[in-house]
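For reference, the chains in residue letters:
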Amino acid sequence: MLKNPSFEAYESSLSIETIDLQNICNLSTDFIPKYWLLTTGSCATILTSNRNLARDERSFLLIKGSVKQEIRGLQLGGLYRVEFFTSQLTGSEALVSYMEGFVSFGKFKHVFLMYSKAYRHDEREMDLSRETVSWQRHTFYFSGKEATLDFDFGAIRSNMGIYLDHISIRHVKKNYNNSVCSCRIYSSVGLHTRSVEFY
């Protein structure tokens, strides 16, 4: 359904150890993951590392603005669970305690929060025993109102960057008992819990 969900198909990448957020908008389209499109005014690049920092496999995406992909083959009226991982930027770019990101499925847009770890700004900020990228899981549900729709990810403030990795979209089976839907509810892991909305 979703192509290249962990951003492993690409032509060129940058190392997270040498990334400069200000220059990613000057890169060629070789640095954009295959099957993904940039929205107007947005920039993105594939990141890799000498250490395995990705949430899944070996690479992940840095977005400044938003990216999108068209999804086909949705079952009309079907319930879908979307799960993905985000993180605020590391190092000097991570100057705020939380950021807002968004995911949209066609006409419906959901906002989520990303928090930096409390220790990110203390005197041991560069301690190698601490994780470099603080991945946070997000889970949302949506109904298939159309067989094809645009699937967008990004930061609410388009001038701020976020990391994105390991997106999954799964069809959820509904169990009906006396005309009542009892669907399994999943919550996100981390400092916050997201509400589950059905559309």
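First things first, this report covers the structure right here in the doc. (Residues numbered from 1 in each chain as written. Predicted model: local features only at pLDDT ≥ 70, side-chain atom pairs only at ≥ 80, totals over all residues. Heavy atoms only, no water.)

In this section: the overall build of the protein chain. Secondary structure assignment for the protein chain yields zero helices and 13 strands. Listing every helix and strand of the protein chain by position from the N terminus yields β-β-β-β-β-β-β-β-β-β-β-β-β. Here the protein chain, with 199 residues, has 46% of them falling under the buried criterion. Considering only contacts within the protein chain whose residues lie at least 6 apart along the sequence, 75% involve residues at least 24 apart. (Helix = DSSP H or I, 4+ residues; strand = E, 2+ residues; numbered from the N terminus. Buried < 20%, exposed > 50% of the residue type's maximum accessible area, 1.4 Å probe, protein only. Contact = heavy atoms within 4.5 Å.)

Before going further, it helps to examine the environment of Gly-161. Tracing the backbone through its elements, the reader meets Gly-161 in strand β11 (residues 161–172). For the pair formed by Gly-161 and Leu-89, sequence separation is 72 residues and the distance between their alpha carbons is 6.6 Å.

This part is about the nonpolar core. Core analysis: the biggest nonpolar cluster contains 29 residues, and Phe-84, Phe-151, Phe-153 and Ile-167 have the highest contact counts within it. Residues Ile-16, Leu-53, Ala-54 and Val-133 belong to the second largest nonpolar core, which totals 13 residues. (Core = buried A, V, L, I, M, F, W, Y, C linked by side-chain atoms within 4.5 Å.)

Quick look at the pattern of salt bridges now. Taken as a whole, this structure holds two salt bridges when the rule is applied. Among the ionic pairs, Arg-72 bridges to Glu-70, the shortest N-O distance being 2.8 Å. Residue classification places Glu-70 among the partly exposed residues on the basis of a relative accessible area of 38%. Between Arg-137 and Glu-83 there is a salt bridge; the shortest N-O distance is 3.5 Å. With a gap of 54 residues between them, Arg-137 in strand β9 (residues 136–143) and Glu-83 in strand β6 (residues 79–88) connect regions that are remote in the sequence. Given a relative accessible area of 25%, Arg-137 falls into the partly exposed group. A residue is classified by how much of its surface remains accessible, and Glu-83, at 13% relative accessible area, is buried. (Salt bridge = Lys/Arg side-chain N within 4 Å of Asp/Glu carboxyl O.)

This part covers the side chain of Asn-4. Examined against the element boundaries, Asn-4 turns out to sit in the segment before β1 (14–15). What Asn-4 contacts, discounting residues up to four positions off in sequence, is Ala-9, Pro-33, Lys-34, Tyr-35 and Trp-36.

With respect to topology, six strands assemble into an open sheet ordered β1-β3-β4-β11-β6-β9, the strand pairing being mixed. At either margin of the open sheet sits one strand with a lone partner, and together these are β1 and β9. With eight bridges connecting them, β6 and β9 associate as antiparallel partners. Bridged to Thr-86 within β9 is Gln-136. (Pairing = 2+ DSSP bridges.)

Pairing within the open sheet is antiparallel, and its five strands lie in the order β2-β5-β10-β7-β8. A single partner strand is all that each edge strand has here, and the edge strands are β2 (37–38) and β8 (108–115). Pairing geometry for strand β7 (residues 98–105) and β8, over eight bridges, is antiparallel. Across the sheet, residue Phe-102 finds its bridge partner in β8, namely Val-111.

Just geometry here; none of it tells us what the structure is for.
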